[in-house]
Amino acid sequence: MHPTDADASGSNVLPILPAKSIVVGRFEISYCDIGPKDGTAIVLCHGLASNGRQFSHDALFFVEHGYRVILPDLRGHGRSSVPLAIKETEFSIPEMANDLIAILDDAQIEAAHYVGNSLGGILALHLLPTHANRFLTFTTFGTSYALMTPGFSADAVPMIYDFIGPEWVDKFIARSTSKRRSAQELVHDLLDGYNINVVSYVAKNVGNYDFIANAKQFKKPIMMLRGGQDSLVNAALRTTMNGMKNNENFVCFDIPKGGHCANLDAQEEVRIALLGFFARHKNAIVDA
């Protein structure tokens, strides 16, 4: 490992933080809840095939600044359960998004600053019209507000996985996620043990959506962190940026060295952007 890479990510080991779980239907949903109970809450939500450990270092950082931090493991991910027989419908956007509300209810959190990476952002976009009161602010990175992908692509996931093997799939995903070796190692670690059927079902359900209208009608502060090296998502952002350009509550903050999981390869820049955003809107009105 190059010394500069190690310095950039802080550590190439993501700590495992204590977690609790709740039951939602056939699933046990795991989440981490750390920091002062009376602190302003932040939800840091991971993307597809990842888990809450993606934000372990960030959680500890924000706790040091007085925040209470929630790290969900989305259903079928991380320490959340995967029933023996699963159905594609159990991994729809509404089903998975409702788990996030169940976590906030269990933690007795009225509203939180929400930060979603990729899938974590998509799920919250679905919730904005019906649960706006649960958000103080809304931030995404690695997330397009609308996406149209070929239907066959998700169906091919298990076949590719079986053909080239999980180790090569993991390496490909890690290298596609970041150009920094340290971040690639962290992503590879996060991918350990994911369920390929869960990934395939989720991919089918999130392949085609348009939540731009949801974001446009949301009246609270919205920030997009745009990773300069997140080429796949950036290619799909033109529609999002055109749709949001006249929204006064929307800001796009560029992270030039950020990949798809920008918090892992541009850690300091992401944290500075988030701290500043939270501070500017520390008096956000819950019911707005």
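Residues numbered from 1 in each chain as written. Predicted model: local features only at pLDDT ≥ 70, side-chain atom pairs only at ≥ 80, totals over all residues. Heavy atoms only, no water.

A. Spotlight on the overall build of the protein. Of regular secondary structure, the protein possesses 14 helices and 10 strands. The long-range fraction of contacts in the protein, counting pairs at least 24 apart against all pairs at least 6 apart in sequence, stands at 79%. Here the protein has roughly 13,000 Å² of accessible surface; of this, 54% comes from carbon and sulfur atoms. (Helix = DSSP H or I, 4+ residues; strand = E, 2+ residues; numbered from the N terminus. Contact = heavy atoms within 4.5 Å. Areas by Shrake-Rupley, 256 points an atom, 1.4 Å probe, with all protein chains shown as cover.)

B. The side chain of Lys220, seen in detail. Of note, Lys220 is situated in the loop between helix H10 (212-217) and strand E9 (222-227). Among the polar contacts made by the side chain of Lys220, one reaches the main-chain carbonyl oxygen of Ala132 at a distance of 2.9 Å. (Polar contact = N/O pair within 3.5 Å; in protein donor to acceptor, adjacent residues only side chain to side chain.)

C. Fine view of the sheet that holds strand E3 (residues 41-45). Strand order across the open sheet formed by 8 strands is E1-E2-E4-E3-E5-E6-E9-E10, with mixed pairing between neighbours. Both outer strands of the open sheet, strand E1 (20-24) and strand E10 (250-255), are each paired with one neighbouring strand and no more. Between one strand axis and the next, the sheet turns through 20 degrees on average, direction left out of account. Taken together, the 6 bridges between E9 and E10 define a ladder with parallel strand orientation. Within E10, the position partnered with Leu225 by the bridge is Phe253. (Pairing = 2+ DSSP bridges. Axes fitted to C-alpha atoms, helices over the stretch in contact; angles between N-to-C directions.)

D. Inspection of the packing of aromatic side chains at higher detail. Taken as a whole and assessed by the stated rule, the structure comprises 14 aromatic pairs. Consider the rings of Phe135 and Phe218, whose centres lie 6.0 Å apart with planes at 80 degrees: the pair is edge-to-face. Here Phe135 is found in strand E6 (residues 135-141), whereas its partner Phe218 is found in the loop between H10 and E9, with 83 residues between them in sequence. For the pair formed by Phe135 and Phe218, the shared burial category is buried. Measuring from centroid to centroid gives 6.3 Å for Tyr145 and Phe250, while their planes differ by 80 degrees, and the two rings are edge-to-face. Placement of the pair is Tyr145 in the loop between E6 and strand E7 (146-148) and Phe250 in strand E10, with a sequence separation of 105 residues. A relative accessible area of 13% means that Phe250 is categorised as buried. Aromatic ring contacts, followed pair by pair, group Phe61, Phe62, Tyr67 and Phe278 into a single cluster. The ring of Phe27 is capped by Arg75, whose NZ or CZ atom sits 4.2 Å from the centre of that ring. (Phe/Tyr/Trp six-rings, centres within 6.5 Å; stacked < 30°, edge-to-face > 60°. Buried < 20%, exposed > 50% of the residue type's maximum accessible area, 1.4 Å probe, protein only. Lys NZ or Arg CZ within 6 Å of the ring centre and 35° of its normal.)

E. Looking closely at the pairing of E3. E3 sits mainly inside the fold: 5 of its 5 residues count as buried. What you see with E3 is no split at all: Ala41, Val43 and Cys45 on one side and Ile42 and Leu44 on the other are buried throughout. Bridge analysis of E3 against strand E4 (residues 68-72) gives 3 bridges, and the strand direction is parallel. If you follow Val43 over to E4, its bridge partner there is Ile70. Crossover connection from E3 via helix H2 (residues 56-64) to parallel E4: handedness right-handed. Direction of pairing for E3 relative to strand E5 (residues 112-117): parallel, over a ladder of 4 bridges. Considered in E5, the bridge of Val43 is made with Tyr114. (Right-handed = clockwise from strand over helix to strand, strands pointing away.)

F. Region of interest: helix H9 (residues 196-205). If you check which residues of H9 are buried, you get Ile196, Val198, Val199, Ser200, Val202 and Ala203. Residue Asn195 occupies the N-cap position of H9, its side-chain oxygen lying 2.9 Å from the main-chain nitrogen of Asn197.

G. Quick peek at the confidence of the model for the protein. Across the protein, the average pLDDT comes to 88, with 85% of residues at or above 70. Within the model, pLDDT remains below 50 along residues 1-10, and this stretch shows 19 contacts once partners closer than five positions in the same chain are excluded. (pLDDT = per-residue confidence, 0-100.)

H. Inspection of the environment of Ser176 at higher detail. For Ser176, the location among the structural elements is in helix H7 (residues 166-177). A C-alpha to C-alpha distance of 9.7 Å links Ser176 and Gln229, two positions 53 residues apart in sequence.

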